[in-house]
Amino acid sequence: MASLAASSISFQPPHALATSRVSGLKLVSFMNQGRNSLSFGLRPMPARVRISCAAKPETVDKVCEIVRKQLAVPSDKPVTGESKFAELGADSLDTVEIVMGLEEEFGITVEEDNAQSIATVLDAAELIDKLCSGKSA
Amino acid sequence: MNIRCFQRNFSAAFPPLVPLQLPSPMETHLWYILPDEVKNSALLNQYSELLSPCERESVSRMRGDQLKKRALLARALVRTTIARYQTNCQMNPRSLRFRKNLYGKPEVEWRNEDNFNPPPLHFNISHTSAMIACGVTVNVPIGIDIEEKQRRTKNNIIAFAQRYFSPYEVKVLTAISDPEVQRQEFIKLWTLKEAYVKALGKGFSAVPFKTFTIRFRDTTMRNFHPPESSVSEESDIVVESSEDPTDPANNWRCALLEVAGSHYGAICMEKDRIAGENAPPKLTVWKTVPFVEDVCVSGTDAVLVLGGMIEQ
């Protein structure tokens, strides 16, 4: 879907690609709304170029929130992208509950082999973004 | 006498460990620590001395003192317990090496030295915030899982079961009208399923929970026991694999316990073909504080068999 949109862009890119992640987000949600014109200041980028491989900050934040709630992490303890579930005290039931919470929040299905490889908040966020962008493609 | 005994540096700083007899075939030894009973900081420091640098680092990365203590006790329990089972000589718990199998299941890495026959020990651990448990067998793999009886799920139980459990298990849970009983039966099922996957040692993804069913089977042909009624000693726990219905996973024997009044514990072990079907599955349970004391709690209120053909 992204490549289809890129090929239909015909204006010159006047801006730097610093916020490519944001443009990616807008591209995806835009396509979901079913519209075809790209008239509101998107920074175009060739779809094959991934400027950033990290997960979107808003995904990371949402995962942190879900993890914090599931594990009842006290508010004075930080939960960040690098946080490992096991180090926050998650056992296997917690991890499965977190995955289920993420499935519901993001409308995705996480297969067992993917679930098993999630060790940190960032792992989960990256998987979510991958599954979400796969859905809308 | 193995000459190697004298070559091992047994630090004088550690109290001696009381040696243990190996479990017999089809016997499970279950050891557990109640972390709240271990408060002595000198003792905790001794435990820390047992760990490998890598393990110590893992412990330090746990967020919060309770989690650190739990991680420390788990490693100390495994090291001291396995060291005590050395039949020929006293093994230094600090010198044991561990590794993970291809799928991530922890196992002992025995040194490949001349004349040293490592005991055919298998072990598995599980912990909650209130208990650390280690199951030990010989010859056959074992998996254990413990959960606090009061454990609550954040998700709705039936929604969770529909997502992860087999259709039969969903049916059994849905049929329970009392939410508290339903929650308890859910936790019991969870521990049994976890114990089975851990016993297989191939990881969660190799045996997704949906692909096998745990059934309670007893002589009266009812399919589960309400917790209030006394459980028939005859009740068996069967694992059925939906991937291969012709082989009802009869290779694996499961038992469900209530431990220390506070936890459900599930044990799953492979049947020992050599020992044969006639070897009665036995269970011996100890509450322990490594270096300090063992209390055999088999046959007391601290260990109630809720299902599975196992005798204490």
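Residues numbered from 1 in each chain as written. Chains lettered and ligands numbered in written order. Predicted model: local features only at pLDDT ≥ 70, side-chain atom pairs only at ≥ 80, totals over all residues. Heavy atoms only, no water.

Helix and strand counts for chain B come out as seven helices and 13 strands. Here chain B holds 312 residues, and the buried ones make up 55% of them. For chain B, long-range pairs separated by at least 24 residues make up 65% of all intrachain contacts whose partners lie at least 6 apart in sequence. Of the roughly 14400 Å² that chain B leaves accessible, carbon and sulfur atoms contribute 52%. (Helix = DSSP H or I, 4+ residues; strand = E, 2+ residues; numbered from the N terminus. Buried < 20%, exposed > 50% of the residue type's maximum accessible area, 1.4 Å probe, protein only. Contact = heavy atoms within 4.5 Å. Areas by Shrake-Rupley, 256 points an atom, 1.4 Å probe, with all protein chains shown as cover.)

All names here are of chain B. Taking 1.5 Å as the rise per residue, helix α7 (residues 179–200) with 22 residues should run 32 Å; its terminal C-alpha atoms sit 32 Å apart, in good agreement. Burial runs high along α7: 18 of the 22 residues are buried. The opening residue of α7, the one whose side-chain oxygen lies 2.8 Å from the backbone nitrogen of E180, is D178. Once α7 ends, the next one or two residues include G201, with phi positive near 70 degrees. (Expected span 1.5 Å × (residues − 1). Polar contact = N/O pair within 3.5 Å; in protein donor to acceptor, adjacent residues only side chain to side chain.)

Residues and elements named next belong to chain B. Mapped onto the elements of the fold, D145 is located in strand β6 (residues 142–148). It is K198 that comes nearest to the buried, bridge-free D145 among opposite-charge side chains, at 4.5 Å. In terms of polar contacts, D145 uses its side chain to reach the side chain of S126, at 3.4 Å. Each residue touching D145, except ones within four places of it in the same chain, is listed here: S126, W190, T191, E194, A195, K198, Y264, G265 and A266. (Lys, Arg positive; Asp, Glu negative; His and termini not counted. Salt bridge = Lys/Arg side-chain N within 4 Å of Asp/Glu carboxyl O.)

Let us look at the packing of helix α5 (residues 157–164) of chain B against helix α6 (residues 167–174) of chain B. Helix packing geometry: the angle between the two helix axes and the distance between the axes. Residues and elements named next belong to chain B. With their axes 8 Å apart at the nearest point, α5 and α6 run at an angle of 165 degrees to one another. As summarised for this structure, α5 and α6 are arranged roughly antiparallel, according to the angle between their axes. Note on packing geometry: the crossing formed by α5 with α6 is left-handed. In this structure, α5 uses I157, I158, A161 and Q162 to contact α6, whose residues at the interface are V170, L173 and T174. When the residues that make up the contact of α5 with α6 are grouped by side-chain class, the tally is five nonpolar, two polar and no charged. (Axes fitted to C-alpha atoms, helices over the stretch in contact; angles between N-to-C directions. Parallel < 35°, antiparallel > 145°, perpendicular 65-115°, else oblique. Left-handed = near helix turned anticlockwise from the far one by under 90°. Nonpolar A, V, L, I, M, F, W, Y, C, P; charged D, E, K, R; others polar.)

What follows is about the interface of chain A and chain B. For interface size, the figure often reported is the accessible area lost on association. Counting residues at the interface gives 25 residues for chain A, matched by 25 residues for chain B. Approximately 2200 Å² of surface area, both sides summed, lies buried where chain A meets chain B, with 52% of it carried by carbon and sulfur atoms. Among the residues of chain A in contact with chain B, A:E87, A:L93 and A:E112 are the three that bury the most area, contributing 30% of the side total. Taken together, the connections running from chain A to chain B amount to four salt bridges. Put simply, B:R151 and A:D91 hold a salt bridge, and the shortest N to O gap is 2.8 Å. Linking chain A to chain B there are 14 residue pairs in polar contact (both at pLDDT 80 or more). Those elements that place two or more of their residues in the side of chain A that touches chain B are α3 (57–71), α4 (92–106) and α5 (112–116) of chain A. It is α4(A) that provides the largest number of residues to the side of chain A that touches chain B, a total of nine residues. Taken together, the residues that form the side of chain A that touches chain B break down as eight nonpolar, six polar and 11 charged. (Buried area = accessible area lost by both parts, 1.4 Å probe.)

With that out of the way, let us pick up the packing of α5(B) against α7(B). Residue and element names in this part refer to chain B. At a minimum axis separation of 11 Å, α5 and α7 run at an interaxial angle of 30 degrees. Considered as vectors, α5 and α7 are oriented roughly parallel to each other. Note on packing geometry: the crossing formed by α5 with α7 is left-handed. Here α5 contributes I157, I158 and F160 to the contact with α7, which in turn contributes Q182, R183, F186 and W190.

Another aspect to go through is the nonpolar core. Counting 62 residues, the largest nonpolar core has A:V67, B:F160, B:F165 and B:L173 as the members making the most contacts within it. Sort the elements by how many residues they give to this core and α7(B) lands first, with 10 residues. The residues contacting A:V67, other than those within four sequence positions of it, are A:V79, A:F85, A:L88, A:I98 and A:V121. Among the nonpolar cores identified, the runner-up in size contains 38 residues, and B:I33, B:L73, B:A83 and B:V289 belong to it. (Core = buried A, V, L, I, M, F, W, Y, C linked by side-chain atoms within 4.5 Å.)

A word on the sheet that holds strand β13 (residues 303–307) of chain B. All names here are of chain B. If you walk across this open sheet you meet the four strands as β6-β10-β9-β13, and the pairing is antiparallel. Pairing within the sheet leaves two strands with one partner each, and these edge strands are β6 and β13. The average angle at which neighbouring strand axes cross in this sheet is 25 degrees, direction not considered. Bridging between strand β9 (residues 252–259) and strand β10 (residues 263–270) involves eight bridges; their strand directions are antiparallel. Across the sheet, the residue bridging to R253 is M269, located in β10. On the sheet, α7 packs against β6, β9, β10 and β13 and is oriented at approximately 155 degrees with respect to β6. (Pairing = 2+ DSSP bridges.)

The predicted model of chain A averages 72 in pLDDT, with 59% of residues at 70 or higher. Under a pLDDT of 50 for its full length, residues 1–42 of chain A has, in the predicted model, 47 contacts with residues more than four places off or in other chains. (pLDDT = per-residue confidence, 0-100.)

Below, the discussion takes up the packing of aromatic side chains. Residues and elements named next belong to chain B. Going through the model one piece at a time under the given rule, you end up with 14 aromatic pairs over all chains. Seen in terms of ring centroids, F160 and F186 are 5.3 Å apart; in terms of plane orientation they differ by 90 degrees. Their pairing is edge-to-face. Taken together, the residues F160 in helix α5 and F186 in helix α7 connect sequence positions 26 residues apart. F160 gets classed as buried once you look at its relative accessible area, which sits at 0%. An aromatic cluster is present here, built from F160, Y164, F165, F186, W190, Y196, F204, F209, F212 and W252 joined pairwise through their rings. A cation over a ring is seen here: R163 above Y164, with NZ or CZ 4.6 Å from the ring centre. (Phe/Tyr/Trp six-rings, centres within 6.5 Å; stacked < 30°, edge-to-face > 60°. Lys NZ or Arg CZ within 6 Å of the ring centre and 35° of its normal.)

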